[in-house]
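# Residue-level structural notes
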Amino acid sequence: MVAMHREWSPFVVSAPGKLILFGEHAVVYGKAAIAGSLDMRAYALVTPRADNKARMVLPDIDVDVLFDSHTLPLLQSTSLSHPSEVEALVPDSINIPEGPGRTAVLTFVYLYGCIFAERDRNTGFTICVRSLLPVGAGLGSSAAFNVALSATLLQLTGQLREEGAGAGDRKLINQWAFHGEQVAHGTPSGIDNSVATYGGFLKYVKGEPSVNLESSHALRVLITNTNVPKSTKALVAGVRALRDQHPSVVDGILDSIHSISISAAALFQSVGEDEAYLERRMQDIIRINHGLLFTLGVSHRSLERVREITAARDLASKLTGAGGGGCALTLIPGGIAGDDVEVVVREMESEGFCCYQTVVGGGGVAIARSVDGRATVEQWLAEAIARHGGSSANSDGDAYGGAVAGFATLPAAAISELKPQ
Ligand SMILES: Nc1ncnc2c1ncn2[C@@H]1O[C@H](COP(=O)(O)OP(=O)(O)OP(=O)(O)O)[C@@H](O)[C@H]1O
Ligand SMILES: C[C@@](O)(CCO)CC(=O)[O-]
Ligand SMILES: [Mg+2]
């Protein structure tokens, strides 16, 4: 039997995670924060289907759902008073999973309903998302997912004007990804989806459009995940309680953090300065920012351990995100030997932490129909499966079911080779 497909070929959408460099918590009070994109990304393989259904496969979090497109609710801005109310609109035929899959399914239903709305629902497709970002560790895995999903749905409905999700399309992608973040978090500040959309380094003030710092500096950092679970909500509430008790003291700290973000923006935008000089100034403000967050009560003994281990080697670290556990960042200066970084990594691992060496400031969302120099996505995939292993067992019955199964089972090392730009 020959499967009938609509006239489009498979494509890959990718979006980066984020790292808050300066300004967490202060950003809640209207102060500036600086964040950059990570070179760890989420990748969505999107393939046509002949049966006109919509399938979402999320192997990292064990989700595989097949939606009959016509049973999905059609949403208008007036359908819900807030995206987080979407649960009531999920078709009865769909089993909403527990855990992280729950948010992902609700987000899909919401974004599909809004973005497809009155458009042609006969566009059958499968979206399979693989991510190199740890889930729930403060590195913006949800924003990368939401940006990749929004860009996919906008592409499928012909709402993107430029091939590859160009500058002119990013505002729209970012806007929908923000609604996706609202499904999960209620009141996100918007910094994560902005970084995942635009990439680079951003200065962000709540309620204002983000400013791309257009920096030519790429920062090498070591991210240490303490693996200590944290509650962003509780930590934000703790700072608020402290501020209620000591308004002028806490406001002074928040103002200092704001000044740090402004200094950082100036450093990122500086031209012609010696890189070693910039790194030293950056290390100063990393140390000061961490100290201020400590005084706000959002550090944790695991984060202090990261700080101690790196300070013993003259490296500067700070917590990133909400604190109370989660991740810390350490600036890796250009002059440091790889072996020295390895020693630090081993010491962190002996504490039960895990580390990612990464570069901050790379590209934002991208859509590609050919990757890694190959003519088509399928060609890349076939070669990657041959090289790395993976299963092409097609349990779907769809012509692209084998390709999806292959992508779903590729090892992370193969996914990290995929850098569509
Ligand atoms: N690999 C993935 N595949 C599918 N969905 C994912 C994936 N990673 C994250 N998600 C979605 O993002 C949600 C996790 O988002 P959450 O905001 O709690 O953590 P985070 O974005 O990693 O951290 P933070 O927002 O603090 O930076 C998951 O519940 C899921 O909906
Ligand atoms: C603590 C905080 O500033 C960052 C959490 O990643 C909260 C927020 O901005 O919504
Ligand atoms: Mg998130």
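About the cut-offs
Residues numbered from 1 in each chain as written. Chains lettered and ligands numbered in written order. Predicted model: local features only at pLDDT ≥ 70, side-chain atom pairs only at ≥ 80, totals over all residues. Heavy atoms only, no water. UniProt positions renumbered as here; feature names shortened; annotations may be inferred. Near = heavy atom within 4 Å. Polar contact = N/O pair within 3.5 Å; in protein donor to acceptor, adjacent residues only side chain to side chain. Areas by Shrake-Rupley, 256 points an atom, 1.4 Å probe, with all protein chains shown as cover. Helix = DSSP H or I, 4+ residues; strand = E, 2+ residues; numbered from the N terminus. Nonpolar A, V, L, I, M, F, W, Y, C, P; charged D, E, K, R; others polar. Core = buried A, V, L, I, M, F, W, Y, C linked by side-chain atoms within 4.5 Å. Buried < 20%, exposed > 50% of the residue type's maximum accessible area, 1.4 Å probe, protein only. Axes fitted to C-alpha atoms, helices over the stretch in contact; angles between N-to-C directions. Parallel < 35°, antiparallel > 145°, perpendicular 65-115°, else oblique. Left-handed = near helix turned anticlockwise from the far one by under 90°. Contact = heavy atoms within 4.5 Å. Patch = residues over 30% accessible without salt bridge, like charges linked within 9 Å, V, L, I, M, F, W, Y side chains within 5 Å. Salt bridge = Lys/Arg side-chain N within 4 Å of Asp/Glu carboxyl O. Lys, Arg positive; Asp, Glu negative; His and termini not counted. Charge placed at Lys NZ, Arg CZ, Asp CG, Glu CD. Pairing = 2+ DSSP bridges.

Naming follows an unreviewed UniProt entry, where the protein appears as Mevalonate kinase of Coemansia spiralis. Here the protein is described in UniProt, under the heading Subcellular location (unreviewed entry), as follows: "Cytoplasm".

### So, the site of ligand 1
Neighbouring ligand 1 are 21 residues, the closest being D60, G136, G140, S141 and H185. D60 is positioned such that a nitrogen or oxygen atom in its side chain is 2.9 Å from a nitrogen atom of ligand 1. The separation between an oxygen atom of ligand 1 and a polar main-chain atom of A104 is 3.3 Å. Here ligand 1, which alone exposes 620 Å², has 88% of that area covered by the protein. Contributions of two or more residues to the shell around ligand 1 are made by α1 (100-116) and α2 (141-156). Of the residues that constitute the shell around ligand 1, the class distribution is nine nonpolar, eight polar and four charged.

### Structural notes on the nonpolar core
F108 and F125 are the most contacted members of the largest nonpolar core, which totals 108 residues. Top contributing element to this core by residue count: α1, with 11 residues. With 20 residues, the next largest nonpolar core counts L45, V57, V377 and F407 among its residues.

### Things to note about the packing of α2 against helix α3 (residues 167-185)
Interaxial distance between α2 and α3 falls to 8 Å at its minimum, and their mutual angle equals 130°. When the axis of α2 is compared with that of α3, the two are oblique. Along this stretch, α2 crosses α3, giving a crossing that reads as right-handed. Here S142, A143, N146, V147, S150, A151 and L154 of α2 lie close against α3, whose contacting residues are L172, I173, W176, A177, G180, E181 and H185. Each residue belonging to the contact of α2 with α3 can be placed in one class, and the counts come to eight nonpolar, five polar and one charged.

### Quick look at the UniProt feature "domain: GHMP kinase C-terminal" (unreviewed entry) in the protein
Look at the UniProt record and you will see "domain: GHMP kinase C-terminal" (unreviewed entry) annotated at residues 281-333. Helix makes up 49% of residues 281-333 and strand 17%, and the two end C-alpha atoms of the span are 11 Å apart.

### Quick word on a negative patch on the surface
On the surface, D339, D340, E342 and E349 cluster together into a patch of negative charge. Of note, D339 is situated in helix α9 (residues 338-350).

### A look at helix α4 (residues 191-198)
In an α-helix there are 3.6 residues to a turn, and that puts residues three or four apart on one side. Extensive coverage of α4 is indicated by the burial of seven of its eight residues. Listed in full, the buried residues belonging to α4 are I191, D192, N193, S194, V195, A196 and T197. Elements that come into contact with the buried residues of α4 comprise β1 (11-22), β2 (33-48), α2, α3 and β6 (201-204).

### Here's the deal with the environment of L202
Its location among the elements puts L202 in strand β6. Judged by relative accessible area, L202 falls into the buried class, the value being 1%. For the pair formed by L202 and S14, sequence separation is 188 residues and the distance between their alpha carbons is 19 Å.

### Quick look at the environment of G324
Relative to the helices and strands, G324 resides in the loop between β9 (317-320) and β10 (327-331). The buried category is assigned to G324, whose relative accessible area is 15%. Residues G324 and F294, spaced 30 residues apart in sequence, show a C-alpha to C-alpha distance of 9.8 Å.

### Concerning the site of ligand 2
Every residue near ligand 2 is listed here: I20, E24, H25, V27, V28, S189, V236, G321 and A322. In isolation ligand 2 has 300 Å² of accessible area, and contact with the protein removes 83% of it. Residues that form the shell around ligand 2 fall into these classes: five nonpolar, three polar and one charged.

### What to know about the pairing of β10
Of all five residues that make up β10, five are buried, and the element is covered over most of its length. Neither face of β10 is exposed, since C327, L329 and L331 on one face and A328 and T330 on the opposite face are all buried. Both β9 and β10 contribute to a ladder of four bridges, which runs antiparallel. Counterpart to S317 in the pairing with β10 is T330. Following β9, the chain reverses through six residues before pairing antiparallel with β10; G321 in that reversal takes a positive phi of roughly 90°.

### Focus on the UniProt feature "domain: GHMP kinase N-terminal" (unreviewed entry) in the protein
Taking the UniProt record as the reference, the feature "domain: GHMP kinase N-terminal" (unreviewed entry) is found at residues 119-200. Across residues 119-200, the secondary structure splits into 52% helix and 9% strand, with the terminal C-alpha atoms separated by 33 Å.

### Overview of unusual backbone geometry
Positive phi is not limited to glycine here, since N227 has a value of about 65°. Here N227 shows up in the loop between β8 (219-225) and α5 (232-245). One non-glycine residue, D314, lies in the positive phi region at around 65°. Positionally, D314 belongs in the loop between α8 (301-311) and β9.

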